[in-house]
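Geometric and topological summary
Residue strings, one per chain:
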Amino acid sequence: MARHTPLAILTDLDGTLIPFSPHPDQTRVPAELSALLQSLALRSGIQVAVVSGRPREALDRFFPASPAVWLVAEHGGWRRADGAWTEALPGESRDLDGLQADLERLVARVPGSLVERKTWALALHFRMVAPADRGAFLVEASEILEAWLRTHEGFERLEGAAVLEVRAARIRKSLAVPWLREKAGAGARLIVLGDDVTDEDMFGAVGTHDEAIRVGPAVGRATRARWTLGGPEEAIAFLRWIDAARHEGPTPAPVHVPRPIARDGRREAGPAAPHRLLAISNRLPDLRAPTEPGETRKKNVGGLVSALEPVLTARNGLWLGWSGRTDAGGPAAGPGFDDSAAPALAWIDLSRDLHRRYYNGFSNGALWPLFHTFPARVAFHDEDWEAYVRVNDLFAEAARSLVPEDTPIWIHDYHLLLLGAALRRRGHRGPVGLFLHIPFPGPDLFRMIPWSDRILEDLLACDLLGFHTPNDVANVLQCAGSLSPAKVGDDAILHRGHRTRVRAFPIGIIPEGFQEAPDPDVADEAAALIRSIGTSELILGIDRLDYTKGIPERLEAFARLLVLFPEWRGKVAFVQISVPSRADVPEYKQQRNRIEAAVGRINGEFGEAHWTPVRYLYRSYNRNQLAQFYRAARVGMVTPLRDGMNLVAKEYVAAQTAANPGVLLLSRFAGAAVELRDALLTNPWHIDGMARDLDRALRMPLPERLERHAKLAAIVRRTTALTWAEDFVGALEACR
Ligand code: ADQ
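Read on for an overview of the structure. (Residues numbered from 1 in each chain as written. Predicted model: local features only at pLDDT ≥ 70, side-chain atom pairs only at ≥ 80, totals over all residues. Heavy atoms only, no water.)

**With respect to the sheet that holds strand β26 (residues 537–544)**
Applicable threshold: One requirement defines pairing of two strands: DSSP has to find at least two bridges between them. A run of H or I in DSSP counts as a helix once it spans at least four residues, and a run of E counts as a strand once it spans at least two, with each numbered from the N terminus. To get an axis, fit a line to the C-alpha atoms, keeping to the stretch in contact for a helix; angles then go from 0 to 180 degrees between the N-to-C directions.
Strand order in this open sheet of 6 strands is β28-β27-β26-β29-β30-β31, and the pairing throughout is parallel. At either end of the open sheet lies a strand with only one pairing partner, and these are β28 (614–618) and β31 (680–682). Strand-to-strand twist in this sheet, taken as the mean axis angle between neighbours without regard to direction, amounts to 20°. Direction of pairing for strand β29 (residues 635–638) relative to strand β30 (residues 663–667): parallel, over a ladder of 4 bridges.

So, in structure tokens, the structure goes:
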């Protein structure tokens, strides 16, 4: 790697290349270090950047005559390339004056402490505070910081070596990684060196062809680096060796090269408390793939995340998933790991081809349509199945390297049906449960899968199988009873001497989240859409764009309403909001075209100069905006052709105003219909019937709406995302 071109090196300064000095102003950069960095840049043709938490002035002073060495100041906020400083995120908030005043009052009383003001950050140094005074100082400082942070959302607290820092949360050292990669040119590989927690951001942003090196002794903190060097002296020796290795002649013998960090995979064995629960799902709450400069990581903010975070955090749990990355050539030596997140996260990369076959292929091209009773959309390919088996094995390997063999493991969904057995084969002894978020089919459909025996056998390696509805439970019992030699009871399956409990755990939402007042930052957009439909009654559809959700059928039913009950023309408006989903699966592209064509046709046929019957929005909104749409809608039309549960139905109920609630028009084929019996239930396969039900919903008088809503709201409040997760984990732990 030392001889690779283009090569880039990002390195922290304090603690990585030079030892800490008691006072930040006392630091000196030795002339030999400047000369070494210059030589790497100019003689060896490496793109070198020093990435520091220090302000620009300090770095300018340290490297006065080294324009070839690039500088990144204030944890990624400022960058100097070719002599000129620019901001990484222009316009980021700098509103720290109030906090600075408070901290200065504290510092005036505590000798040795010091406030350092930076552009987007404030650092409170206490290396020189007498050890006896430190405890009290830190308590007081923390109180000031925490109080301020409660009212300043875009900022976060960091703890460095003898320094507390508050900084704009989007300013991170990781911003420097894509920047330098781009500057270094196509095919660049990166070596990243750092010693403290702020450097972990950079370590987390590297690709698999890059290397991250933690400098300094292990401090009991898990790291995302793969390698370690003992301290600044070793780091400098290593950089000298790279410099020498890039020139003619044999590669010199290394004095100090990085040692791999000895641990399970990429995770450091440390004194950390054991994880008492491991959750495994295809997706993580927070995609770990490298982001664009200035972009924060993509957050997956669905109900599952809100449901799992509390149960995991309460058990010091860990969440393992796919990183979101397919460009890294495949799985690395071990799972990536981040225990600075709560819950702690671990992840594996998958190659593009493996991911395509496992995810688009077998999971979404075979299991998804079949389990939703769309056999005509199913395509079975041997290679997809092989990839599916392989990915389940990869997850099992990663899981085994992360937690002890007796840890309870909670597997999620149809992507990982073989994982229970894969874990057992690798010696996992603790309870293993799987929750299926989609319906489970009856034997007639299930046995269409060429590998149905294997899937059933592997499912029965779990101790607990959870589903949304009693119907799914009945189906799995029937499959086991008719397609395998297992013995089947009401709530358990006995197979090869092992008992698998089977139960319905209907998932819920966090209803309070949909009752919040409009957030002023995002309210305008939703309000503008609601205003644009004027005095018309709003009929609303909100879904992921998926053929199971019955969106074209819903549009047809709306068109049919306008034919059967022409009195509604000009008085109702249908708004369909679809969040993009699996857009690279061909079936989903077709579905999108079909919806867009139907919208155009209906608007062409029925629209008038002052009335647009259908508005179609193909995008995602945040929860607060969704709540405003739900609240404004006279009818929430939730009409999937088949759905495991369907959270939109529950969200619609949660968002209604109790005094004047709208009507939930709900498909009988959504799992939610089992609990939400007081919704107006409809058959989405019967367009005329659905149109008549829609008419009934629009005409429903207030007393009936009030009565139905009160019953629905009680159910939505009773079984929430949190009770669901606690119930499942409780049942799982009881399997010990
Ligand atoms: P999904 O098929 O994704 O979930 P659903 O339960 O309806 O279906 O959840 C969709 C979520 O996406 C909702 O929380 C909704 O608010 C959100 N959403 C939809 N459109 C949106 C938009 N335009 N912008 C932003 N957010 C949007 C799978 C199963 C379901 C099961 C869940 C949970 O298919 O049956 O209920 O898992 O187990």
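**Some details on unusual backbone geometry**
In plain terms, the rule: Whether a residue is buried, partly exposed or exposed follows from its accessible area with a 1.4 Å probe, protein chains only, as a fraction of its type maximum: under 20%, in between, or over 50%, in that order.
Note the cis peptide between threonine 5 and proline 6, where omega equals -5°. By the secondary structure assignment, proline 6 is in the segment before β1 (7–11). A positive phi angle is found at arginine 496, which is not glycine, with a value near 50°. Of note, arginine 496 is situated in the loop between β24 (492–495) and β25 (498–504). Using a relative accessible area of 67% as the deciding quantity, one classes arginine 496 as exposed.

**Topic: the sheet that holds strand β20 (residues 409–412)**
Put simply, the test is: Contact definition: two residues touch when any of their heavy atoms are within 4.5 Å.
The mixed open sheet is built from 10 strands, whose spatial order is β18-β19-β17-β16-β20-β21-β22-β25-β24-β23. Whereas interior strands pair on both sides, the edge strands pair on one side only; in this sheet they are β18 (336–338) and β23 (487–488). In this sheet, strand β21 (residues 432–435) lies alongside β20 in parallel orientation, the contact comprising 4 bridges. Residue histidine 412 lies in a different strand from β21, and its bridge partner there is phenylalanine 435. Set on the sheet, helix α14 (residues 470–483) makes contact with β22 (464–467), β23, β24 and β25; between it and β25 the angle comes to about 150°.

**Remarks on the packing of aromatic side chains**
We count it as follows: Only the six-membered ring of Trp is used, alongside the rings of Phe and Tyr, when aromatic pairs are assigned; centres must lie within 6.5 Å, and planes under 30 degrees apart are stacked while those over 60 apart are edge-to-face, with the rest tilted. Throughout this description, the term charge over a ring refers to an Arg CZ or Lys NZ atom that lies within 6 Å of the ring centre and within 35 degrees of the ring normal.
For the structure shown, the criterion picks out 30 aromatic pairs. Ring centres 5.8 Å apart and planes at 70° place the aromatic pair phenylalanine 362 and tryptophan 451 in the edge-to-face group. You can see phenylalanine 362 sitting in helix α9 (residues 352–371) and its partner tryptophan 451 sitting in the loop between α12 (443–446) and α13 (452–459), a full 89 residues away along the chain. Classification of phenylalanine 362 by relative accessible area gives buried; the value is 1%. Of the residues examined, tryptophan 451 reaches a relative accessible area of 17% and is grouped as buried. These aromatic residues form a ring-pair network of at least three members: Tyr358, Tyr359, Phe362, Phe380, Trp385, Tyr388 and Trp451. Arginine 56 extends its terminal NZ or CZ atom over the ring of tryptophan 78, reaching a point 3.7 Å from the ring centre. Over the ring of tyrosine 621 we find arginine 619; its NZ or CZ atom is 3.8 Å from the centre of that ring.

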